[in-house]
Amino acid sequence: MSDSPRVATLSLSHFRSHRRTHLAFDGRIVAIHGPNGAGKTNLLEAVSLLSPGRGMRRAAAEEIIRRPEAIGWRITAALTPHHDVELRAEPRQPRTTRIDDKNAPQVALARLLRVVWLVPAMDRLWLEGAEGRRRFLDRIVLSFLPDHAEGVLRYEKAMRDRNRLLRDGVRDAHWYGALEAQMAEAGASIGARRADALSRLTAAQPSDGPFPAAALRLSDEGAPATEEDLRTAFADSRPRDMAAGRTLVGPHRADLIGTYAAKDMEARLCSTGEQKALLISLILANARALRDETGHAPILLLDEVAAHLDAGRRAALYDELKALGGQAFLTGTGPELFAELGTSAHHLRVTEAGGESTVEEAT
């Protein structure tokens, strides 16, 4: 068994389709199967909420409440070693976090667990807009530096205020100075942290293996690296920004460019299978880099990942997960997707009837 921090027990109350669910885990890979809509992903989402942020679905607390009862939801988890976590949300109330029976900020969860995930919505990462790729990268940065989200929020708040001035046609430089100083300070930190995360991912990808290495870089579209350069760029760009009604320079404009390294082909031009393999490679690299830095593997959440892999690559993925040594949760529609795992996994079956999910042990 791994000595990395893990979830020992998980209890859900009125959480999406789970009215009452209690599960105990022994550290093995958790393989969850069941038909679409049965409530498998809801289990992974609950685990993802044991890390800072809004979880793998980026859902507001109100959206998670089970209907029609609408009495609020609760997640309780026992973590090894020796921590109890309770997350709760009531209707029209923000989510609350308690660690060892004491109120705590969300960021405190990162001291207990690091959680990394791959969900089907990410399959189009290389084909959709840059905003999704920035979010993907910032989530990776957050896994290394849990306070990264605070810097992003500071930058975005100052930028919203600046955009309001631009739309109102304000020309007095004094109104912009303080906001641009805040944006430059936070923006330089965001850029440096993103670059550092890319370096870590690059170092953690083997040159050969079952999943292809991805060469990664940030586009330099309007994103000077230093605080001083950013401040100058914001000031110089005011006339152009005023015409557009928004800020056109800064780290919020950067894009993540991925390339299938062995083929020297941009990820957006690769086949669907190659794009999925590149994503898996990056998620595994993220997990390795975290293990190398902290001494512990993170929890991995892989939703419907096996469905797009042939038997050989599935077996290779499972071998990679075992080598990492941490806890992993996988979902799929049928038990045959996890046959290669055998008794090295804890197999669960999820069914749904009348809008309520039931979880049973599977052999």
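Residues numbered from 1 in each chain as written. Predicted model: local features only at pLDDT ≥ 70, side-chain atom pairs only at ≥ 80, totals over all residues. Heavy atoms only, no water.

Trainee: Looking at this model, I keep getting lost on the overall build of the protein. Mind explaining?
Mentor: A tally of regular secondary structure across the protein gives nine helices and 15 strands. A compact globule built from 363 residues should have a C-alpha radius of gyration of about 21 Å, and the protein, at 22 Å, falls within 12% of that. Buried positions account for 52% of the 363 residues belonging to the protein. Of the contacts made within the protein by residues no fewer than 6 positions apart, 69% connect residues no fewer than 24 positions apart. Accessible surface, the protein as shown: approximately 16,500 Å² in total, 50% of it carbon and sulfur. Of the charged side chains in the protein, 49 are positive and 49 negative; the average position of the first set lies 4 Å away from that of the second. (Helix = DSSP H or I, 4+ residues; strand = E, 2+ residues; numbered from the N terminus. Rg over C-alpha atoms; globule rule 2.2 N^0.38 Å. Buried < 20%, exposed > 50% of the residue type's maximum accessible area, 1.4 Å probe, protein only. Contact = heavy atoms within 4.5 Å. Areas by Shrake-Rupley, 256 points an atom, 1.4 Å probe, with all protein chains shown as cover. Lys, Arg positive; Asp, Glu negative; His and termini not counted. Charge placed at Lys NZ, Arg CZ, Asp CG, Glu CD.)

Trainee: Please clarify how the pattern of salt bridges should be interpreted in this entry.
Mentor: Two side chains carrying opposite charge are able to pair once their charged atoms lie near each other. Enumeration according to the criterion identifies 31 salt bridges in this entry. For Glu227, the salt bridge identified is with Arg231, shortest N-O distance 3.6 Å. Taken as a pair, Glu227 and Arg231 lie in helix H6 (residues 227-236) at a separation of four residues, close to a single helical turn. According to the relative accessible area criterion, Glu227 is partly exposed, its value standing at 33%. For Arg231, a relative accessible area of 39% gives the class partly exposed. Across the pair Arg349 and Glu360 runs a salt bridge, and its minimum N-O distance is 3.2 Å. With Arg349 in strand E14 (residues 345-353) and Glu360 in strand E15 (residues 356-361), this pair connects stretches of sequence that are eleven residues apart. Exposure remark for Glu360: the relative accessible area of 36% places this residue in the partly exposed category. (Salt bridge = Lys/Arg side-chain N within 4 Å of Asp/Glu carboxyl O.)

Trainee: When you look at helix H5 (residues 173-204) in this model, what are you seeing that I'm missing?
Mentor: Because the α-helix completes a turn every 3.6 residues, residues three or four places apart line up on one side. The end-to-end C-alpha distance of H5, which contains 32 residues, comes to 45 Å, matching closely the 46 Å that a straight helix rising 1.5 Å per residue would cover. The N-cap of H5, judged by a side-chain oxygen 2.9 Å from the amide nitrogen of His174 a few residues on, is Asp172. (Expected span 1.5 Å × (residues − 1). Polar contact = N/O pair within 3.5 Å; in protein donor to acceptor, adjacent residues only side chain to side chain.)

Trainee: I would appreciate a short explanation of the UniProt feature "binding site: ATP" (unreviewed entry) in the protein in the present structure.
Mentor: The positions that UniProt labels "binding site: ATP" (unreviewed entry) are, in the present scheme, Gly34, Pro35, Asn36, Gly37, Ala38, Gly39, Lys40 and Thr41. Summarising the element assignment, Asn36 is placed in the loop between strand E3 (29-33) and helix H1 (40-48). Apart from residues no more than four positions distant in its own chain, Asn36 is found in contact with Glu304 and Thr333. When residues no more than four places from it in sequence are discounted, the contact partners of Lys40 are Ile32, His33, Gly34, Pro35, Glu304, Thr331, Gly332 and Val350. Side-chain polar atoms of Lys40 contact the backbone oxygen of Pro35, separated by 3.0 Å. (UniProt positions renumbered as here; feature names shortened; annotations may be inferred.)

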